[in-house]
Amino acid sequence: MAKRKSGDFSKKTNGSVGQAAAVETALPAKKQKVIASLADLSEEEDDFDSDEQDQDDDGEEDEDEDEEMDEDEEDDEEENGDASQTRSKSKQSISAQDVQIARETSELFKSNIFKMQIDELLTELALSEKYTQSLDKFLFQLNHVLQQSSSREQELSLGQAVKLVSSKKLAIPFPDPKPSPDIKYKFKIAHPESINIVGSYSIKTAVTQPEGVSIDLLITMPSSLFQEKDYVNYRYFHKRAFYVAYIASIIRADESLPVNVSYTLQHDDPLKPIIRLTFTDSKLAKRFNINVVFGVAPTTFESRKLSPERNCVRLQQDSTADNNSAKMLPPTPLYNSSLLSDTTYSSYLEFIHRACHQCEAFKDAAKLGRLWLRQRGFDSSPRHGGFGHFEWCLLMAALLQGGDRSGSSKVLMAGYSSYQLFKATLTFLANNDISGRLGLSFSTVKGQNTKLESLKQFVPQSPVPGTAAFLFDRDSKLNVFYKVSAWSYSLLRHEAAVTSDLLSDVVKDRFDAIFLEKLTVPQLRYDAFFTVTFPDFNNTIFSPLNRINYRSYQHFCVEKLAKVLKFGLGSRARQLVFTPLPSLYSTNASSSSWSISKRKGMFEESAIAVGVILDPQECEKLVTHGPPSEDASAAEKFRQFWGKKSELRRFQDGSIMESVVWKHSPTKPVVNSIVEYILYRHFKGSEIENTHDNILKYLPLQPRFPGHKERSVISTQLFQIKYQAFQQTANIIQNLSELPLRIRSVLPASSSLRYTSISEPCAYDFTSDDSIALGIIEFESSSRWPDDVNALEKTKTAFLLKIADQLRKQEKNMVVLVGVESADDFIPNGPDEVGFLQVQTAQGYSFKFRIRNDRDEQLYQRLNEEKHQQNTSVHLYQQKYSEVTTHNRVIHTLSLRYPYYSATARMLKVWFKSHLLASHVRDEVVELLALKPFLDSSPYVPPSSAVTAFYRVLAFLSTWDWREEPLVLDTEKASDASKDDVVATTLSAVEGTAMSLPFYQKISDAFSKHRTQDPALTLAPMFIGTKYDPTGTLWTQQIPRSEVGKIVAARTTALARAVDHMLTSGHVDQSLMFTSSLVDFDILIHIKNPSSAGDVDAGYKNLQLPRPVEDLDELVEKSVNIGLEFYKDLAKKYQDTLILFYSGSPDDKTCEEQIIAGLWKREILQPQKFKVNHNFSTIPTKSNVVELNKDAIIEEIARIGGDLVVKIDV
Amino acid sequence: MTLELPDQINGFIPIPLLVRESTSDTEPVYHILYAKKHQTHKTGSTDNTTDRTIFITNLPVDASHSSIKSLCHFLGNTILESFIPEKNYNRGLVVLVDKASCSRFLTKAKQQNPVPWSPQEPTGSEAYYLKNRIKYPDEGELQHEVDTYMEEFAQAEETKRQQVVDKLNLVDEDGFTMVVGSKRKSLAGIATAQKATEQFVAEQSAKKKRKKEKADFYRFQIREQKKTEMNDLLRRFQQDKLKVKELKERKRFKPY
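Residues numbered from 1 in each chain as written. Chains lettered and ligands numbered in written order. Predicted model: local features only at pLDDT ≥ 70, side-chain atom pairs only at ≥ 80, totals over all residues. Heavy atoms only, no water.

1. Looking at the overall build of chain A
Consideration 1: Scanning chain A from N- to C-terminus turns up 40 helices and 31 strands.
Consideration 2: Long-range contacts, defined as pairs at least 24 residues apart, comprise 73% of the intrachain contacts of chain A with a sequence gap of at least 6. (Helix = DSSP H or I, 4+ residues; strand = E, 2+ residues; numbered from the N terminus. Contact = heavy atoms within 4.5 Å.)

Pasting the structure below:
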């Protein structure tokens, strides 16, 4: 029963993917009715049952039963509330209204909690009424000033106009090209036709923003200002510019207005200067600024002539051409749209108003969309993608009128909730390509539908800016999306697809990722990241035609850059993103405005940041394939593009293709080389700088391996070689014939055998962090294994001796050793001794094997019971014998599946190590944490760069509230092939949105249970649940319980936050990121590690290949890590005195000078009464109590450290 | 500055060990031992060492047989018989050759003269190297050691096996005879097996209970079900409400 309950409930709250979709499509028609009936509920609770009946359509229940049910309900409540107190309380708080809300939201929203979060968010975003009142007052005043202005109609020549304006110390913000002095047409002064508030403030969808809210005040210029033909050759824009100056002069002249007046460009459109008003009052200035924008009645010009495919700017020689020949001229879509958009204010405002009226949730959805876009760096200005709140609103309004091919079925329904509107709009964006052959056409006329149709006739032959995506107004001929560029449209769809998938996630709450997280930090968002400085301005490239078709030289460069990079990177790049440089990126309104005494502002940017989201499978490929040689024209184009680099090659399948071959580099991704080459070839004079951090320099390369200079940054080649050597050894052992028991398997259990050791493995090398890799020999079960732990271990040693014997006979080139070690370091409180087999293969790899069998666990369990310890031995046994092999398998599989995982995990290990945390965070934990960006990639797609992945892990660690949430990793899902079916149902490559609910539930339950058992976080502060470890604490558990874990976890969070802060503030100092501050420690033991081989990088003194080790003494000397041994010894001896932290260099042994840092245990710092069982050194004080004898302890450490200790700082 | 120590603390005599001599600009450093005549709580103990044993706590971590031996030598020239440190703790028993030595040791200790303390050899890197070197004993010896152990173990097993057989023949108070598989080797093994059986039985019966009859047959069942669903929904709703409130308190809904 219990099981069913939870299943049902999950359906109710979340619904399966299919169901949710079904609800959304089926609901609209029915929904109104449901709400209405639910509303009735709030008046009379009893109706509730009949409503349910209506809905369920089973019609079986009748009046009598309703009564029965009411009684039942009471019983139920008695059962539920154990104490009468809670019962009355619950009766009170669960009101009929709650019932209504709960039911409603479970249908209209993803889940209750999602809706509640949306509500909270919207409250948070609401404008403060206190300030809107002052704002409204000002707007009223401004309106009054403009209305009252003396407006004697006047006609002026250019000279007169300039003179008039400059007499008021203003400049006319004429766009380029300036009107030539000999123009015949006149400029006019006239009273504005109307003054209105437009934009989000007028439809009440404005939200608070850190840089303040821009209020759009529209001045509709009288049509009488213009002549029929003014739409050509900038005449409209010149006249408009004069009018702008005229209005600016009026506002400036009135000293009672508490504002500063300046010019700015409307959405960076150089043709359209507008007036920016900023408040002198600082409180208002922080919150609002006003854009006075200029429009004109739609009837002023014949919109047909401004359609995107038309030419409206005649180049000099054609300036006299008539309309017919105009058709032959190159289209000027950007110019046309720029003009047309001035004519559409009123109709769009009305259109959106109508949508708000028709659809109650429209405004909320608009706000959600606005925030969503903002968090992803989009806004209406083309520099930020050209898709903002206005475009979002208009798209939603259009989709309320249709949206499919026929225009008959609607994408958005009037009855949708804000969540549904938001989701359906995103899904529409993700699923439909409206970038060319198809576009979305709509009409603001009532009753007209929106449909997907071919807009070929409006699209120019060769792509020009302004035609990348189409939301086409059939009436005005305006492409509303004219500011959207091809790359930003592609990015928008990408983000929409990712968010759609997140919204379809029925298991995890994705609210934060969708609305609260800012996705614009380049180090987190992109896999590759460059700064490109444009070539100096050049008249020959930036031809007159280009000047019309591009907003600016910068715009031209970006578009060109986008084009060549897209072609050159091909399938390697999923998305290319161009953003203003971080230093110039400022949404601060005043930054782009200029004084009204100047014609133009000075902010041509000379460089741009290029971000690339790569395809992990494609981006490191060495060959760029071109067209087959038979396709002559395509091949020619390819050769043109790549120049000498292109060559004909025959491939394995026999095909002959043009292709370009690249080289791997241990420090540079292939993509970087390609981009550099493309820029060199196609962007002469530009400069490129790789701004993504090259943290790979913190990851030691194996310099001893010949040919290491031609390996890829992410190569796991050296790991593979060692893994193969292990498998060979395993096979040899497994096939030994003369053993009394059969060997079931020989399994790897070491970080270098799952590709995650910090150093790359190399033959005969003992300086790496996992040079002697561990393996487990599993024997088949037999009743002949002894029934006592010590005897069991002895028997294992006997077996090892037998194996060694046989190996020696059989494998002449293998060095075979059998040893025993005190189990103290291995499984404290376990058996007395544990045997091992150590081999060095003919190729020079060393492995150390221990034996396990089925009975072990039971015997270790018994050991716990005998010694009255809390599962410590058996837990350690699991860590070291059984689960470690599962972990190894899982991680090995995943590092094959995700090529960037290995480097990420290794880099993360370096990070933990640099901060002296590696001694407390197990390798396995780091490896699992490093999986996060790959297995649960939200809000991004899995990274194609180890550096990016590394940053994402840290970003996750900085926000992970491990007290409250488990980390759930679906390790199996990603590794099995059935995953590919799931991919088909998702829209993007985002990982982790299709976790199985029972699995997640199981982990969540385990987490809740764990927290109740470990409220003080002394057992396992971090909980990482996986398929193979649903307990979540296999690796994070502290044995024995202690405060240390909490300290380490808190420090991890704090350090990750510091990095996150660096990223968001834009000042990344890599060296700082890997240097730990030592000020927080009480004691610092500086040691000199005699095992160090000296700094490998310094002077390359050890570059010669390591050689086989001759004898046992030398082997021990080379393989032991004395620094680490010293740390372990101290940690054991002072377990009740000090918390110790050890930092080696990344691989412990390359660095001579090392540090063991310590904190006195807090609870022993106070003087206290003498007790026999004080397990820390004390000294009596005068008052007959004892206190910690720090001096003696330090002496003691120096004594046992002997030659190791350089100095001890306290 | 001279060290001032109480004569005794909780019945223990503090004994200062001089672990660092003073220099012109540093004070000497002392480590303090706490010593007391050993008292055993075991009554009727046959152990005849009790009256010549001293219990010492707060031993330095590098205390060893040789360092305790020289300590004894310093304190009244007493002769150490054995030193039994307690594993993982800083205390241990010092067994002297006779009762008189024991009293002499304690009398001397009461004078609280600083005792010199010399490190256990080897220290530092050599110690850690050796610790690792001895992991690889001579394989012949290892083989021999293992063989001997296994032989002794086999004998002990046989004794235990005999115990099992004896137990088999016993009839318990309810008149049952325990049945044990021929492969059980010790009483402990039986105990574990019994436990496992009990657990298994418990699990099985729980499973049986869970096996439910048809749940949607009667109308009242359907209604029940709906109501539970509704209640679940409401319970969830309340939980969610709390959760969101909590999130809000943690200032979570700040998007910028």
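2. Regarding the overall build of chain B
Consideration 1: Counting secondary structure elements, chain B contains six helices and six strands.
Consideration 2: Counted from the first residue to the last, chain B has its helices and strands arranged as β-β-β-α-β-β-α-β-α-α-α-α.
Consideration 3: Each of the 256 residues in chain B was classed as buried or not, and the buried ones make up 37%.
Consideration 4: In chain B, of all internal contacts separated by at least 6 residues, the share reaching a separation of at least 24 is 49%.
Consideration 5: Accessible surface, chain B as shown: approximately 16,200 Å² in total, 53% of it carbon and sulfur. (Buried < 20%, exposed > 50% of the residue type's maximum accessible area, 1.4 Å probe, protein only. Areas by Shrake-Rupley, 256 points an atom, 1.4 Å probe, with all protein chains shown as cover.)

3. Here we look at the sheet that holds strand S22 (residues 833-840) of chain A
All names here are of chain A.
Consideration 1: Pairing is mixed across the open sheet formed by five strands, whose spatial order is S19-S20-S23-S22-S21. Of all strands in the sheet, those with a lone pairing partner are strand S19 (743-748) and strand S21 (815-822), marking the two edges. Neighbour-to-neighbour, the strand axes of this sheet turn through a mean angle of 25°, independent of strand direction.
Consideration 2: Pairing geometry for S21 and S22, over eight bridges, is antiparallel. If you follow Leu817 over to S22, its bridge partner there is Gln838. (Pairing = 2+ DSSP bridges. Axes fitted to C-alpha atoms, helices over the stretch in contact; angles between N-to-C directions.)

4. Side note on the interface of chain A and chain B
Consideration 1: Taken together, the contact between chain A and chain B spans 116 residues of the former and 86 residues of the latter.
Consideration 2: At the boundary of chain A with chain B, total buried surface from both sides reaches about 9,100 Å², with 58% on carbon and sulfur atoms.
Consideration 3: Broken down residue by residue, the surface that chain A buries against chain B is led by Lys794, Phe1170 and Arg1199 of chain A, which jointly contribute 8%.
Consideration 4: Counting every contact that joins chain A to chain B gives eight salt bridges.
Consideration 5: On inspection of chain A and its partner chain B, the count reaches 24 residue pairs in polar contact (both at pLDDT 80 or more). (Buried area = accessible area lost by both parts, 1.4 Å probe. Salt bridge = Lys/Arg side-chain N within 4 Å of Asp/Glu carboxyl O. Polar contact = N/O pair within 3.5 Å; in protein donor to acceptor, adjacent residues only side chain to side chain.)

5. What about the confidence of the model for chain A?
All names here are of chain A.
Consideration 1: Taken over all residues, the pLDDT of chain A has a mean of 82, while the share at 70 or more is 84%.
Consideration 2: Within chain A, helix H31 (residues 923-929) carries the highest mean pLDDT (95), whereas helix H2 (residues 17-43) carries the lowest (34).
Consideration 3: For residues 1-92, every residue scores under 50 in pLDDT, and the model assigns this stretch 99 contacts once sequence neighbours within four places are set aside.
Consideration 4: Within the model, pLDDT remains below 50 along residues 584-590, and this stretch shows nine contacts once partners closer than five positions in the same chain are excluded. (pLDDT = per-residue confidence, 0-100.)

6. A short note on unusual backbone geometry
All names here are of chain A.
Consideration 1: With omega at -10°, the peptide bond leading from Asp176 into Pro177 counts as cis.
Consideration 2: Its location among the elements puts Pro177 in the loop between helix H9 (158-167) and strand S2 (187-189).
Consideration 3: Residues other than glycine seldom take positive phi values, yet His267 does so here, at roughly 45°.
Consideration 4: Topologically, His267 is positioned in the loop between strand S5 (259-265) and strand S6 (273-279).
Consideration 5: Of note, Lys477 is a non-glycine position whose phi angle comes to about 65°, a positive value.
Consideration 6: Considering the arrangement of structural elements, one finds Lys477 in the loop between strand S10 (471-473) and helix H19 (486-503).
Consideration 7: Given a relative accessible area of 21%, Lys477 falls into the partly exposed group.

7. Observations concerning the packing of aromatic side chains
All names here are of chain A.
Consideration 1: A complete count under the given rule lists 64 aromatic pairs over all chains for this structure.
Consideration 2: With 5.9 Å between their ring centres and 55° between their planes, Tyr263 and Trp594 make a pair best called tilted. Of this pair, Tyr263 sits in strand S5 while Trp594 sits in strand S13 (residues 594-595), placing them 331 residues apart in sequence.
Consideration 3: You can call Tyr263 buried: its relative accessible area is 0%.
Consideration 4: Its relative accessible area of 8% is what places Trp594 among the buried residues.
Consideration 5: Between Phe950 and Phe1074, the aromatic rings sit 5.8 Å apart at their centres with planes inclined by 10°, giving stacked as the arrangement. Of the two residues, Phe950 is situated in helix H33 (residues 946-959) and Phe1074 in the loop between helix H37 (1070-1073) and strand S26 (1083-1088); the sequence distance between them amounts to 124 residues. Exposure class is identical for Phe950 and Phe1074. Each is buried.
Consideration 6: The residue whose ring lies beneath Lys684 is Tyr680, and the NZ or CZ to ring-centre distance is 5.7 Å. (Phe/Tyr/Trp six-rings, centres within 6.5 Å; stacked < 30°, edge-to-face > 60°. Lys NZ or Arg CZ within 6 Å of the ring centre and 35° of its normal.)

8. Focus: a nonpolar patch on the surface
Consideration 1: On the surface, a nonpolar cluster with roughly 370 Å² of combined accessible area is contributed by Phe217, Tyr218 and Phe220 of chain B.
Consideration 2: Note on placement: Phe217 of chain B falls in the loop between helix H5 (187-210) and helix H6 (219-249). (Patch = residues over 30% accessible without salt bridge, like charges linked within 9 Å, V, L, I, M, F, W, Y side chains within 5 Å.)

9. Remarks on the side chain of Glu1195 of chain A
Consideration 1: When you line up the elements, Glu1195 of chain A lands in helix H40 (residues 1190-1201).
Consideration 2: At a separation of 2.6 Å, a polar atom in the side chain of Glu1195 of chain A contacts the side chain of Arg20 of chain B.
Consideration 3: Leave out the neighbours within four places in its chain, and Glu1195 of chain A touches Val19, Arg20 and Val29 of chain B.

10. Here we look at the sheet that holds strand S14 (residues 607-614) of chain A
Residues and elements named next belong to chain A.
Consideration 1: On the basis of which strands lie adjacent, the open sheet formed by four strands has the order S12-S14-S11-S18 and antiparallel pairing. Whereas interior strands pair on both sides, the edge strands pair on one side only; in this sheet they are strand S12 (573-579) and strand S18 (687-690). Neighbour to neighbour, the strand axes of the sheet diverge by 25° on average, direction disregarded.
Consideration 2: In this structure, strand S11 (residues 528-533) lies alongside S14, joined through six bridges in antiparallel fashion. Bridge pairing in S14 links Phe529 to Gly611.
Consideration 3: Contacting S12 and S14, H19 runs over the sheet at an angle of about 120° to S12.

11. Observations regarding the pattern of salt bridges
Side-chain pairing between opposite charges can occur once the charged atoms of the two side chains come close.
Residues and elements named next belong to chain A.
Consideration 1: All chains considered together, the criterion is met by 62 salt bridges over all chains.
Consideration 2: Here Asp433 makes a salt bridge to Arg493, at a shortest N to O gap of 3.8 Å. Remark: Arg493 occurs in helix H19 and Asp433 occurs in the loop between helix H18 (418-431) and strand S8 (438-442); sequence separation between them is 60 residues.
Consideration 3: For Asp433, a relative accessible area of 39% translates into the label partly exposed.
Consideration 4: Connected through shared salt-bridge partners, Arg754, Lys909, Arg922, Asp923, Glu924 and Glu927 make up one network.

12. A short note on helix H25 (residues 670-682) of chain A
All names here are of chain A.
Consideration 1: Taking 1.5 Å of rise per residue, the 13 residues of H25 would be expected to cover 18 Å, and the 18 Å separating its terminal C-alpha atoms lies within 8% of that figure.
Consideration 2: Burial within H25 is extensive, with ten of its 13 residues counted as buried.
Consideration 3: Looking only at H25, the buried set comprises Val670, Val671, Asn672, Ser673, Ile674, Val675, Tyr677, Ile678, Leu679 and His682.
Consideration 4: Its buried side turned inward, H25 meets S11, helix H23 (553-569), S14, strand S15 (623-628), helix H24 (632-642) and S18. (Expected span 1.5 Å × (residues − 1).)

13. Here's the deal with the nonpolar core
All names here are of chain A.
Consideration 1: By size, the foremost hydrophobic cluster in this structure holds 316 residues, and its most contacted members are Ile777, Leu837 and Leu929.
Consideration 2: Sorting elements by how many residues they give to this core places helix H11 (residues 235-253) first, with twelve residues.
Consideration 3: Ignoring anything within four residues of it in the chain, the contact list for Leu929 reads Leu908, Phe912, Val953, Phe956, Leu957, Trp960, Leu967 and Ile1024.
Consideration 4: Of all hydrophobic cores here, the second largest spans 33 residues; its members include Phe766, Ile772, Leu1138 and Ile1164. (Core = buried A, V, L, I, M, F, W, Y, C linked by side-chain atoms within 4.5 Å.)

14. Things to note about the environment of Asn546 of chain A
Residues and elements named next belong to chain A.
Consideration 1: Mapped onto the fold, Asn546 is located in helix H22 (residues 544-549).
Consideration 2: Overall, the relative accessible area of 16% leaves Asn546 in the buried class.
Consideration 3: As for Asn546 and Phe556, which are separated by ten residues in sequence, their C-alpha atoms are 7.4 Å apart.
Consideration 4: Excluding residues that lie within four positions of it along the chain, Asn546 makes contacts with Ile541 and Phe556.

15. Things to note about the environment of Asp138 of chain B
Consideration 1: Relative to the assigned elements, Asp138 of chain B resides in the loop between helix H3 (124-133) and helix H4 (139-168).
Consideration 2: From its side chain, Asp138 of chain B meets the backbone nitrogen of Gly140 of chain B in a polar contact 3.1 Å long.

16. Some thoughts on the side chain of Arg376 of chain A
Consideration 1: Along the chain, the position of Arg376 of chain A falls in the loop between helix H16 (362-375) and helix H17 (389-399).
Consideration 2: Every residue in contact with Arg376 of chain A, bar those within four places of it in the chain, is listed here: Glu495, Thr499, Ala513, Ile514, Leu519, Thr520 and Arg525 of chain A.

17. Describing the packing of H23 of chain A against H25 of chain A
Residues and elements named next belong to chain A.
Consideration 1: Orientation of H23 relative to H25, taken along the N-to-C sense of each, is 130°, at an axis distance of 10 Å. Judged on the interaxial angle alone, H25 and H23 are oblique. In the packing of H23 onto H25, the handedness of the crossing is right-handed. Listed contacts from H25 to Lys560, Leu561, Val564, Leu565, Gly568 and Leu569 of H23 are Val671, Ile674, Val675, Ile678, Leu679 and His682.
Consideration 2: Here the contact of H23 with H25 is built from residues that sort into nine nonpolar, two polar and one charged. (Parallel < 35°, antiparallel > 145°, perpendicular 65-115°, else oblique. Left-handed = near helix turned anticlockwise from the far one by under 90°. Nonpolar A, V, L, I, M, F, W, Y, C, P; charged D, E, K, R; others polar.)

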